[in-house]
Amino acid sequence: MKIGNIRDLKAGEPLQFNYPDEASPCTMVMLNRESIGGIGSAKNVVAFSSLCPHMGCPLNYSNERFVCGCHYSMFDAAKNGQTYQGLSSQWLAQLVLRLDVASGNIYAEGIEGLVYGRISNLKVS
Ligand code: FES
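Residues numbered from 1 in each chain as written. Predicted model: local features only at pLDDT ≥ 70, side-chain atom pairs only at ≥ 80, totals over all residues. Heavy atoms only, no water.

**Here's the deal with the overall build of the protein**
Okay, step 1: Scanning the protein from terminus to terminus reveals zero helices and 10 strands.
Okay, step 2: Traced from its N-terminal end to its C-terminal end, the protein shows the element sequence β-β-β-β-β-β-β-β-β-β.
Okay, step 3: In summary, the protein has a C-alpha radius of gyration of 13 Å against a globular reference of 14 Å for 125 residues, a match within 12%.
Okay, step 4: With the C-alpha coordinates of the protein rotated into their principal frame, the extents come out at 40 × 30 × 20 Å.
Okay, step 5: Counting the 125 residues in the protein, one finds 46% classified as buried.
Okay, step 6: When contacts within the protein are restricted to residue pairs at least 6 apart in sequence, long-range pairs at least 24 apart make up 42% of them.
Okay, step 7: Counting only carbon and sulfur atoms, one obtains 49% of the accessible surface of the protein, whose full area is about 6700 Å².
Okay, step 8: Put simply, the protein has 10 plus and 10 minus side-chain charges, and the middle of one group is 2 Å from the middle of the other. (Helix = DSSP H or I, 4+ residues; strand = E, 2+ residues; numbered from the N terminus. Rg over C-alpha atoms; globule rule 2.2 N^0.38 Å. Buried < 20%, exposed > 50% of the residue type's maximum accessible area, 1.4 Å probe, protein only. Contact = heavy atoms within 4.5 Å. Areas by Shrake-Rupley, 256 points an atom, 1.4 Å probe, with all protein chains shown as cover. Lys, Arg positive; Asp, Glu negative; His and termini not counted. Charge placed at Lys NZ, Arg CZ, Asp CG, Glu CD.)

Listed below in structure tokens is the structure:
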């Protein structure tokens, strides 16, 4: 599923979308450093579920982190969504991205990790 174009991304400015269904909000962002799972020439474009793994609150993106306003868990966008503060015992679910270099289009092709509220990984066609 196409979720954006790398030419439209600006470092630090998150892009919101839903994947793989309307009940699954996600955020894609271009970071200022190489990132685990990052795409692009600098390997710095990543995307994650926007639902906190702790209790499903919406996450906000700020300074290369995803921050939960409910109980203040924080997740590192450059390190696979690793939890480094707060109550979440799970890392943030990260999307598998593919870049079509010729067009610049970015496609989501799956999710690593369990999205909050799901009892199994999301089926992706
Ligand atoms: S819901 Fe995010 S830390 Fe509790």
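**Thoughts on the sheet that holds strand 5 (residues 59-62)**
Okay, step 1: Pairing in this open sheet of four strands is antiparallel, and the strands run 5-6-7-8 from one edge to the other. Each end of this open sheet is capped by a strand with a single partner; those strands are strand 5 and strand 8 (82-85). Strand-to-strand twist of the sheet, defined as the mean angle between neighbouring strand axes without regard to direction, takes the value 35 degrees.
Okay, step 2: Of the pairings in the sheet, the one linking strand 7 (residues 74-76) to strand 8 comprises three bridges and is antiparallel in character. Paired with M74 across the bridge in strand 8 is Q85. (Pairing = 2+ DSSP bridges. Axes fitted to C-alpha atoms, helices over the stretch in contact; angles between N-to-C directions.)

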